[in-house]
Amino acid sequence: MMKIAKLTMSAAALLFATGIATNAQAADGAELYKVKTCWACHGKDANTPIMPTYPRLAGQNADYAFNQMKDIKAGIRSNGQAAAMKGVMGLVSEDEMRAIADWLSTL
Ligand code: HEC
């Protein structure tokens, strides 16, 4: 009987931990978006860019957004106004871009 109770407890703990991990990742994306100054151009809600010609990011497909960031950082995407953003991309690692992209897709 004790053994079953213990097992149930660990399963609950595991579920709880997984829940926290998921939340932490979502929070990280939101936090990074602020700390890495993305909002300065794309708007606090990622939906009100400072210039009418800057893209809205809220709700964007995560893989698409991630790839655009990677390409702008690498200089592969250099058309349009990509140069405006390239300088900032030095501040974010691939993992951080991924976290931000995942968060943006949830907006
Ligand atoms: C100095 C202003 C500026 C800052 C800061 C900035 N961006 Fe951008 N970003 C732009 C501009 C301008 C474009 C559009 C480039 C173009 O015309 O091709 C863009 C494009 C993008 C795109 C591609 C959108 C699409 O639909 O293709 C993503 C994703 C993105 N930015 C994410 C970010 C993230 C995340 C950060 C913070 C790490 C950030 N940006 C910081 C100006 C900025």
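Model, not experiment: these values are computed from the prediction.

**Concerning helix 3 (residues 62-74)**
And step 1. In a regular helix each residue adds 1.5 Å, so 13 residues correspond to 18 Å; helix 3 covers 18 Å between its end C-alpha atoms and thus fits that length.
And step 2. All of the buried residues along helix 3 are A65, F66, Q68, M69, I72 and K73. Projected onto a plane normal to the axis of helix 3, the buried residues spread over an arc of 160 degrees and lie on a single side. Exposed and oriented more than 90 degrees from the buried face of helix 3 are D63, Y64 and A74.

**Some points on the site of the ligand**
And step 1. In the vicinity of the ligand there are 21 residues, among which C38, C41, G80, Q81 and M85 approach most closely.
And step 2. For the shell around the ligand, the elements supplying multiple residues, two or more each, are helix 2 (39-42), helix 3 and helix 4 (82-89).
And step 3. The element best represented in the shell around the ligand is helix 4, accounting for four residues.
And step 4. Of the residues belonging to the shell around the ligand, the class tally is 14 nonpolar, six polar and one charged.

**Notes on unusual backbone geometry**
And step 1. Here T37, not a glycine, exhibits a phi torsion of approximately 65 degrees, which is positive.
And step 2. Tracing the chain through its elements places T37 in the loop between helix 1 (2-35) and helix 2.
And step 3. You can call T37 exposed: it has 11 C-beta atoms within 10 Å.
And step 4. Despite not being glycine, A46 has its phi angle at roughly 60 degrees, a positive value.
And step 5. The topology assignment puts A46 in the loop between helix 2 and helix 3.
And step 6. Overall, the presence of 22 C-beta atoms within 10 Å leaves A46 in the buried class.

**Points about the nonpolar core**
And step 1. Judged by nonpolar contacts, the single largest core of 15 residues is most densely connected at A65, M69, M97, I100, A101 and L104.
And step 2. For this core, the secondary-structure elements that each account for two or more residues are helix 3 and helix 5 (94-105).
And step 3. At six residues, the largest contribution of residues to this core is made by helix 5.
And step 4. Apart from the residues lying within four places of it in its own chain, the contact partners of L104 are A46, L57, A58, Q60, A62 and A65.

**Observations concerning the packing of helix 3 against helix 5**
And step 1. Viewed as axis vectors pointing N to C, helix 3 and helix 5 meet at an angle of 145 degrees, and their least axial separation amounts to 8 Å. Seen along the crossing, helix 3 lies across helix 5 with a hand that is right-handed. Judged by residue contacts, A62, A65, F66, M69 and K70 of helix 3 engage E94, M97, R98, A101, D102, L104 and S105 from helix 5.
And step 2. Split into classes, the residues belonging to the contact of helix 3 with helix 5 amount to seven nonpolar, one polar and four charged.

Cut-offs and rules
Residues numbered from 1 in each chain as written. Predicted model: local features only at pLDDT ≥ 70, side-chain atom pairs only at ≥ 80, totals over all residues. Helix = DSSP H or I, 4+ residues; strand = E, 2+ residues; numbered from the N terminus. Expected span 1.5 Å × (residues − 1). Buried ≥ 20, exposed ≤ 12 C-beta atoms within 10 Å, placed from the backbone. Arc of directions from axis to C-beta. Near = placed C-beta within 6 Å. Nonpolar A, V, L, I, M, F, W, Y, C, P; charged D, E, K, R; others polar. Core = buried A, V, L, I, M, F, W, Y, C linked by C-beta atoms within 7 Å. Contact = placed C-beta atoms within 7 Å. Axes fitted to C-alpha atoms, helices over the stretch in contact; angles between N-to-C directions. Left-handed = near helix turned anticlockwise from the far one by under 90°.

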